[in-house]
Amino acid sequence: MTDIRVRFAPSPTGYLHVGGLRTALYNYLFAKKNNGKFILRIEDTDRNRYVEGAVENLIKALKWAGLEYDEGPDAGGDFGPYMQSQRLEIYKKHADELIAKGHAYYCFCTPERLQSLREEQEKQKLPQAKYDKHCLSLSKSEVEKKLQSDIPHVVRLNVQPNQRIVFDDIIRERVEFDSSNVDDQVLIKSDGYPTYHLANVVDDHLMQISHVIRGEEWLSSTPKHVLLYDAFGWKRPKFAHLPLLLNPDKSKLSKRQGDVAVEDYRDKGFLKDALVNFVALLGWNAGDDKEFYCMNELIEKFSLERVNKSGAVFDLQKLNWLNAEHLRKMDDQIILQLLKREILNSEFPVSPDASRSGSILNLPDNYLLQVISAMKERVSFVKEFITTCQYFYTAPVEYEQKSVEKNWKTDTPEQLKKLREAFASLNNPSKEDYEHTLAKIAEELNIGKGKLIHPLRLAVSGQSTGPGMFDLLFILGKDEVVKRIDTAIEKIVLRDGSF
RNA sequence: GGCGCAUUCGUCUAGCGGUCCAGGACGCCGCCCUCUCAAGGCGGAGAUCACGGGUUCAAAUCCCGUAUGCGCUACCA
């Protein structure tokens, strides 16, 4: 059996599209599962679309998602370079070979002639616009002469009409085309750069790619590629054309209808594990009910045979759910590292005149770990996590009108004072100590614990929702709790004046 | 227009001739738990399996048409 070698071959458009992420992921999973190699190749043959920094961006996003490649522009490999713009001579050589064999030919037609040809064919209502092989009839000497005098030219594939082109696709099984529907595709552009079709086939062969796993948008041009493999006398790789990712309205996933760049999701606080998990499930499943996967499990279970045929809508709600699910199951220590890194290298606002303990980065780890386990259940995003943590530590407590109305009763100040005294007398209290203390007072006052907890939450956090009450008290610490109760009584009574 | 690919709850999907008057998940609704929000538990609504013909004792599952959607149709990938 030949070695499994697959590649992700994006053109650098500026960012990694989530559809591209899925394509890369399937390639990666397939390679890892089969002990193969996963290769990154940059298809930068369109000089007009060159974007500064696009390659670096792409690589960054890929690595963030955990898709490490075995060979690539910055990873080395025996088949390099892995940027097509650096392999121009290779394509030139192979184009020459095709010309010599009669499978390709020079074409000197001007864009203007091609344009009018198309218009003419349009007018005649021909089923499709195709190049008319005009330059194929040029004699050898004519071609020589034009070449000598530097007339702009391209190299075209010489397609023989009326032939059946059949190939197998792992996902779609057998696909057939009639070569009469295949145009004499340009192989080398007039600027000397190859088109996708040539570069792709040549590189896939030279790099010994065994499986071409790519988006469905390439299915229609596969006959051209097949023709090229045959013309060179090369063995065809196995093809697998993946279903497309769709907008909610079922059109191809696009920027207009939401975020498409993986960096957008990363910046919003989505976990890479969640994004990867989610995107893996868009068009593939193991055949059981399992939906929560980590990368290793995906590798273990993945198979191309179980990839679906039809497009899948990118459903943000399900992504949100998976993200929360991953966050909940994540180890506290790892979240801690993540939060610190996020805070350190993000633009997250740390209020300079924070009236309290300062940035949560100043807190000891064991405290932060407490925060994390207290927050884990209710916070689903890394960003939200930070905001919430930061809020409890540094933001001046703002009393929301709504919460005050809901939780501040006439007898609240008295009750809070009782709590305050009781808490103040505690020595280095634990969560349980707070709970027992509060329970005792509730009993004395002959009221339910909830009657105390809600006003206390308001006093201490300014909000009516948050982490578990006793977690919060413990995290804030006795002194802070006492101080906040005092502030609350003072502020809310003053503000309202009526109590 | 031509060529190609697809079509099961709103969405992601299971299903590869009988176990399906179609199962799971997200979302939605209700109840329970509860110090809030979540989480969790339980239950519910939600798909004439795009439509029409076949084949078969039997079809979501096989075949053929139609419709719809999407992709390609560039010296873009």
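To be clear, the structure that these remarks concern was listed above.
Throughout this document, residue positions are counted from 1 along each chain, in the order its sequence is written. Chain A is the first chain written and ligand 1 is the first ligand written, with later ones labelled in order. This being a predicted model, a pLDDT of at least 70 is required before a residue's local features are given, and a value of 80 or more before pairs of side-chain atoms are given or counted; all residues contribute to the totals for chains, interfaces and linings. Side-chain descriptors were evaluated using all non-hydrogen atoms of the structure, hydrogens and water having been removed beforehand.

1. Considerations on the protein's contact with RNA strand B
Then step 1. Taken together, 61 residues lie around RNA strand B, and Arg172, Lys189, Ser190, Glu291 and His454 are the ones closest in.
Then step 2. When atoms of RNA strand B within 4 Å of the protein are split into backbone and base, the sugar-phosphate part holds 73%.
Then step 3. A distance of 2.7 Å separates a sugar or linking oxygen of RNA strand B from a polar atom in the side chain of Ser11.
Then step 4. At 2.9 Å, a side-chain N or O of Arg378 approaches a base oxygen of RNA strand B.
Then step 5. Under the scheme used here, helices are H or I runs from DSSP no shorter than 4 residues and strands are E runs no shorter than 2 residues, and both carry numbers assigned from the N terminus. Elements represented by at least two residues in the surface near RNA strand B include exactly helix H4 (111-123), strand E4 (154-157), strand E6 (173-178), strand E11 (312-313), helix H11 (316-329), helix H18 (449-461) and helix H19 (469-476).
Then step 6. Sort the elements by how many residues they give to the surface near RNA strand B and H11 lands first, with four residues.
Then step 7. Residues are grouped as follows: nonpolar covers Ala, Val, Leu, Ile, Met, Phe, Trp, Tyr, Cys and Pro; charged covers Asp, Glu, Lys and Arg; every other residue, Gly included, is treated as polar. Along the lines of polarity and charge, the residues of the surface near RNA strand B split into 22 nonpolar, 18 polar and 21 charged. The cutoff for a nearby residue is simple: one of its non-hydrogen atoms must lie within 4 Å of the molecule or strand. N or O atoms within 3.5 Å of each other form a polar contact, as long as, within protein, one can give a hydrogen and the other can take it, and as long as residues adjacent in sequence are counted only when both atoms are side-chain atoms.

2. Section: the packing of helix H17 (residues 431-445) against H19
Angle between the axes and distance between the axes: these two values describe a pair of packed helices.
Then step 1. Axis lines are fitted to C-alpha atoms, over the contacting stretch for helices. Their N-to-C directions set the angle, which ranges from 0 to 180 degrees. The geometry of H17 relative to H19 is characterised by a closest axis approach of 8 Å and an angle of 120° between their N-to-C directions. On the basis of the axis angle, H17 is oblique to H19. Relative to H19, the crossing made by H17 is right-handed. Of the residues in H19, those touching H17 at Lys431, Tyr434, Glu435 and Leu438 are Phe470, Asp471, Leu473 and Phe474.
Then step 2. The class makeup of the residues in the contact of H17 with H19 is five nonpolar, no polar and three charged. Each angle is binned into one of four classes, with values under 35 degrees roughly parallel, values over 145 roughly antiparallel, values of 65 to 115 roughly perpendicular, and all other values oblique. Left-handed is the label given to a crossing in which the near helix is rotated counterclockwise from the far helix by less than a right angle, and right-handed is the label when the rotation is clockwise. By the convention used here, residues are in contact when the closest approach between their heavy atoms is within 4.5 Å.

3. What about the sheet that holds E4?
Then step 1. Spatially, three strands are ordered E3-E4-E7 in an open sheet, and the strand pairing comes out antiparallel. Bordering the open sheet on either side are strand E3 (104-107) and strand E7 (186-188), each of which pairs with just one other strand. Sheet twist, expressed as the average angle between the axes of neighbouring strands with direction ignored, equals 40°.
Then step 2. Looking at chain direction, E4 and E7 are connected through two bridges and run antiparallel. When the bridges of E7 are listed, Arg156 appears paired with Val186. Here, strands pair whenever DSSP counts at least two bridges between them.

4. A look at the side chain of Lys376
Then step 1. Here Lys376 is to be found in the loop between helix H13 (365-375) and helix H14 (382-393).
Then step 2. Under the relative-accessibility criterion, Lys376 is labelled buried at 11%.
Then step 3. Sequence-distant contacts of Lys376, that is, excluding residues within four places in its chain, are made with Leu327, Arg328, Lys329, Met330, Asp331, Asp332, Ile335 and Phe385. In this scheme, a residue with accessible area under 20% of its type's maximum is buried, one over 50% is exposed, and one in between is partly exposed, where area comes from a 1.4 Å probe on protein chains only.

5. Structural notes on helix H6 (residues 196-206)
Then step 1. Across the eleven residues of H6, nine count as buried, placing the element largely inside the fold.
Then step 2. The set of residues buried in H6 consists of Tyr196, His197, Leu198, Ala199, Asn200, Val201, Val202, Asp203 and Asp204.
Then step 3. Packing partners of the buried residues in H6 comprise strand E1 (5-8), helix H3 (88-101), E7, strand E8 (211-215) and helix H7 (222-232).

6. Some thoughts on the packing of helix H12 (residues 332-344) against H14
Then step 1. Axis separation between H12 and H14 bottoms out at 10 Å; the angle between their running directions is 80°. Viewed along their axes, H12 and H14 adopt a mutual orientation that is roughly perpendicular. Seen from H12, the contacting residues are Ile335, Leu338, Leu339, Glu342 and Ile343; seen from H14, they are Val382, Lys383, Phe385 and Ile386.
Then step 2. Residue composition of the contact of H12 with H14, grouped by class: seven nonpolar, no polar and two charged.

7. Here's the deal with the packing of aromatic side chains
Then step 1. When the centres of two rings from Phe, Tyr and Trp lie within 6.5 Å, Trp using its six-membered ring, the rings pair. Their planes under 30 degrees apart give stacked, over 60 give edge-to-face, and anything left gives tilted. With the rule as written, the count across this model stands at 15 aromatic pairs.
Then step 2. With a centroid separation of 5.7 Å and an interplanar angle of 80°, the aromatic rings of Tyr28 and Phe38 are classed as edge-to-face. Of this pair, Tyr28 sits in helix H1 (residues 18-33) while Phe38 sits in strand E2 (residues 37-40), and the two are ten residues apart along the sequence.
Then step 3. Take Phe38: its relative accessible area is 0%, and that puts it in the buried class.
Then step 4. Summarising the aromatic geometry, the rings of Phe167 and Phe177 are spaced 6.1 Å apart at their centres and angled 10° between planes, so their arrangement reads as stacked.

8. A closer look at the side chain of Ser403
Then step 1. You can see Ser403 is positioned in helix H15 (residues 401-407).
Then step 2. A residue is classified by how much of its surface remains accessible, and Ser403, at 1% relative accessible area, is buried.
Then step 3. Among the polar contacts made by the side chain of Ser403, one reaches the side chain of Ser464 at a distance of 3.3 Å.
Then step 4. Beyond its immediate stretch of four places on either side in the chain, Ser403 contacts Trp408, Leu458, Gly462, Gln463 and Ser464.

9. What about unusual backbone geometry?
Then step 1. For the bond from Gly80 to Pro81, the omega torsion is 0°, close enough to zero to count as cis.
Then step 2. Mapping Pro81 onto the fold places it in the loop between helix H2 (54-64) and H3.
Then step 3. Backbone geometry at Lys133 places phi at a positive 60°, although glycine is not the residue there.
Then step 4. Within the secondary structure layout, Lys133 lies in the loop between H4 and helix H5 (140-148).
Then step 5. The backbone of Glu173 shows a phi angle near 60°, a positive value even though the residue is not glycine.

10. What to know about H19
Then step 1. Here H19 lies mainly inside the structure; seven of its eight residues are buried.
Then step 2. Downstream of H19 by a residue or two, Gly477 has a phi angle that is positive, lying close to 90°.

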